[in-house]
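# Structure assessment
The primary structure of each chain is shown beneath.
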Amino acid sequence: MVDVLTARFQNQLGNLLNGDSVRSRVSEPQDLFDASNLPHIARLAREKHKQEQLKKRELANKISSKQLLNIKEKEWGVFLANTKSNVGLSCSACTPDSRESFKSKDDRTAMLKNVLTMRDPSKDSGWLAYYFNHIYALCSSTHHDYPSVSETVLNSDQIQEAIELSAHQMLEDEGVKEPDEQFYQKVINKNAQRAAAILRGMQTTVNNLVFKIVGWFAYKILSRAFSGMVMHPSQIKMLEAAKARGLPIVYLPLHRSHLDYITVALLLQCIDFKAPLVAAGDNLKVPILEWALRNNGAFFIKRRIDPVTGRKDILYRAILCAYMTECLKAGYHLEFFIEGGRTRTGKPVIPKGGLLSIIVDAYFKGTIEDALLVPISINYDRLVDGNFTREQLGEPKQPETLWGTISAIFKTITSFYGLMRVDFNQPFSLKELVKSFERQMSSTNKGLHVLRHSSSFHGTVEVSEDQRQLVNSIATHIVYDCCQYMPVMSTNAVSFLLLTKFRNGVELQELAKELDNLRQILEWDNRNIGFTGSSSFVIQHAVKLLGPELVEQNQSSNDTAIIKPVLALPSIIELSYYSNTLVPHFIMPGVVATALCSLLKEQFETARSQGGNSSRPTTTQLDLLQHSLKLCDILQFEFIFTKPCQYLDTIVIQTIEQLATLDILAVKQELLMEEEQWSQRFARRLEEEDEYDDYGGDEYDVDLDDNPSVFNIGNKITYEISLSSESIKHLDFYRNIVAPFIESYSTSAKCLESLAGSQNQEQAHVKSVLGEIKTQLSQGKLKFNECAAVDQIKNSLKLFEKWSVLESFTQDKIKILYLTEEYDDKANLEPIIERIMCFR
């Protein structure tokens, strides 16, 4: 009898520990039984639970292993994180109301949705709907109204004014000062005809039937090429809440591939949303492709707005502005890529505020009451557009052609690209953001931290500098947020680890341990991870997708798998593209670590030569802060380090303190008296409270007189630098993130000497710098082959123009570079070269 009762109790307790519901059978189990009085039974129950969990893990691993072998045919969910919140929240400082309004309560528990499965109707809908569910889903979607706005645009006062201004400009070019009425009317008519032609070439002609046919065709292609196209269900709820507001919605994706606009359109079609009008470059005006895009909501704009440099095409700008404004008034939603073109490096491009300025101007004029901006982060396991490597090595961009389009489609359906992840981040109110920025701009003399270059499409109206500053701050904030919430795919994580930690190769098990650590860091920092499962399986999956051209996998003598990146050109350029998705996340520790090693280069060498007999290198927080800000200034065209609503120096100090938590730095506490320690803590607390209230700096220059807490405390805090092997590994890891950029910039700076006393075409000079980098790589003077990239060289030239070292002019649409008078001498260039070389 006792044995029977004991067995029954063991079953009940085992069910409790396994999470089964037994409350319906036992009302108060904790009162009836005390596990502490029966230790042997509790141990048995715990052991049973442990064995069951082990069996579950083994089963999951078997499923993962099987799916790796048949990733296209089998279920893709093993490689997809499905429990973490995947909703990118808007800024709590700039848009607190939007952040609270569009929150979803169940975003942490809902499963991710594979949109390629479309809707799954029940058998009650009919056998045709059940067996042809994708066609059924598209055919049953809502027919939306897309009214024409052409006549309204051409008859608007803005266009009539632009026609007159353009006519006066034409007369001025021809030297006609006082034309007669007939000739003047002829010029007016000519410009009116040009306006109508511009609008015909620009406008979209959305057709519901074509939209559904193209949607089905896109679905077929994507379902063959990708194992899944996933998004989070809570994001659908957010979009539905945004649609219920009745305001224009502006979708703002980061641009990685030509598939981006197809992906967004298909996703919105699958959830039965109205298709947005998409700004497409006129380079996509390819036969058949142009027709398909135009009927699916694309409106075409020139990649180069002004045919003559230094003179605005008033008429074209006015038509574009009027067309987008009238579309907003007619109830259209819009979509455009705030970076302009696709990223060639894998990291975000410094944004362009032109099209966004039209939306902001429509709000200021009262044309629209408000608009909801929706940043979108899109990422792929493997990129479909594989032509960036050639461009980075100096080859010209290949123009889009009909045959090229057909070849790309055929290649897509015959290849496998893994998983595609799309994240619609939290919508936020343009009105709220503008008011927040205006309030901060009026309350501080410094203003907002904004980009160096601004642009506007307004040809007939002068835009104030404050409005330009505002538009570029909004654009910067959007790109920064999109980058922070960019999902990290398996290929990104593996490539990043190989290029920063294991350039000479690594065993699979060790790489798996590092991937586990990286995943923990990313999860702690609330980054979206686009994969899940055992790290060993994830690595095998990523290596298979990247292919032997980028990553080699060999067997060692003891049958251990060795993973090694291919470091030779051009493979390293493509591999760095995948790695660069994670570089912005770690760029601040990389900057501080590089600045630290540069600042204490001699002390490091002395300490290493003397081994453990020397004292640790030391530096003050203020010196490290200032040196880090110098490096940020150098890399200002590569990265967006902070949101516009943050001080850069505050972020640097926070990063320094993070390095202290890794035991790379240690505060010399004996230098601080109790009162100084108290003042330090108090000042930091004030700094944290003011972080969202104060808006920082003039570009990357920090006025320490306006930030006394940094000066008073930072000058007294002294750090000791650890020389332990673990600390050196951390420093090398962070330095490897920044090192390729420094090598590229320093070589570009050295090549400025070739311009002394002469001038050169920009394209020719870039090729010259690229050739010099390749020469130094072959000689072993440079370490990182990925520094041989055209984008980094061009960004370095932008920096030198910003520093007033270079100037340029345009002749026959060709940009000519020359040194400014102050630096038109090799001796005067030495400080500029050393300014960058000191970080190598």
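Note that this is a predicted model, so its numbers are computed, not measured.

## Some points on the overall build of the chain
A count of helical and extended segments in the chain gives 33 helices and 18 strands. Sorting the 840 residues of the chain into buried and exposed places 54% on the buried side. Expressed as a percentage of contacts within the chain between residues at least 6 apart in sequence, the contacts between residues at least 24 apart total 79%. On the chain, roughly 39000 Å² of surface is accessible, and the fraction owed to carbon and sulfur atoms is 50%.

## A few points about the pairing of strand E17 (residues 806-811)
Two strands pair when backbone bridges link them, and E17 and strand E18 (residues 814-819) are joined in this way by 6 bridges, in the antiparallel orientation. What sits directly across from leucine 806, in E18, is leucine 819. Once E17 ends, the chain turns through 2 residues before running back antiparallel as E18, passing aspartate 812 with a positive phi of about 55°.

## Points about empty space enclosed by the protein
Under the criterion given, the structure shown has 11 cavities of 30 Å³ or more. Considered as a void within the structure, the largest cavity measures approximately 300 Å³ in volume. Lining of the largest cavity is provided by 27 residues; of these, Thr345, Ile573, Ser576, Tyr577 and Asn580 occupy positions nearest its centre. For the lining of the largest cavity, the elements supplying multiple residues, two or more each, are helix H16 (388-392), helix H20 (490-500), helix H23 (571-579) and helix H30 (725-750). Per element, the largest residue contribution to the lining of the largest cavity is 6 residues, and it comes from H23. Taken together, the residues that form the lining of the largest cavity break down as 11 nonpolar, 11 polar and 5 charged.

## Concerning the packing of aromatic side chains
Considering all chains together, one arrives at 17 aromatic pairs under this definition. Here the aromatic rings of phenylalanine 496 and phenylalanine 586 are separated by 5.2 Å at their centres, their planes lie at 20°, and the arrangement is stacked. Of this pair, phenylalanine 496 sits in helix H20 while phenylalanine 586 sits in helix H24 (residues 583-599), and the two are 90 residues apart along the sequence. Here phenylalanine 586 falls in the buried class, since its relative accessible area comes to 5%. Look at phenylalanine 809 and tyrosine 818: their rings are 6.0 Å apart centre to centre, the planes differ by 50°, and that puts the pair in the tilted class. With a relative accessible area of 31%, phenylalanine 809 lands in the partly exposed category. Residue classification places tyrosine 818 among the partly exposed positions, given a relative accessible area of 25%. Members of the aromatic cluster, connected to one another through ring pairs, are Phe496, Phe586, Phe733 and Tyr734. Over the face of the ring belonging to tyrosine 332 we find lysine 274, whose NZ or CZ atom lies 5.3 Å from the ring centre.

The rules behind the values
Residues numbered from 1 in each chain as written. Predicted model: local features only at pLDDT ≥ 70, side-chain atom pairs only at ≥ 80, totals over all residues. Heavy atoms only, no water. Helix = DSSP H or I, 4+ residues; strand = E, 2+ residues; numbered from the N terminus. Buried < 20%, exposed > 50% of the residue type's maximum accessible area, 1.4 Å probe, protein only. Contact = heavy atoms within 4.5 Å. Areas by Shrake-Rupley, 256 points an atom, 1.4 Å probe, with all protein chains shown as cover. Pairing = 2+ DSSP bridges. 1 Å grid on protein atoms, 1.4 Å probe; cavity = no way out; pocket = protein on both sides within 12 Å on 5 of 7 lines; lining within 4 Å. Points joined across faces, edges and corners; volume = space filled by probe spheres on them. Nonpolar A, V, L, I, M, F, W, Y, C, P; charged D, E, K, R; others polar. Phe/Tyr/Trp six-rings, centres within 6.5 Å; stacked < 30°, edge-to-face > 60°. Lys NZ or Arg CZ within 6 Å of the ring centre and 35° of its normal.

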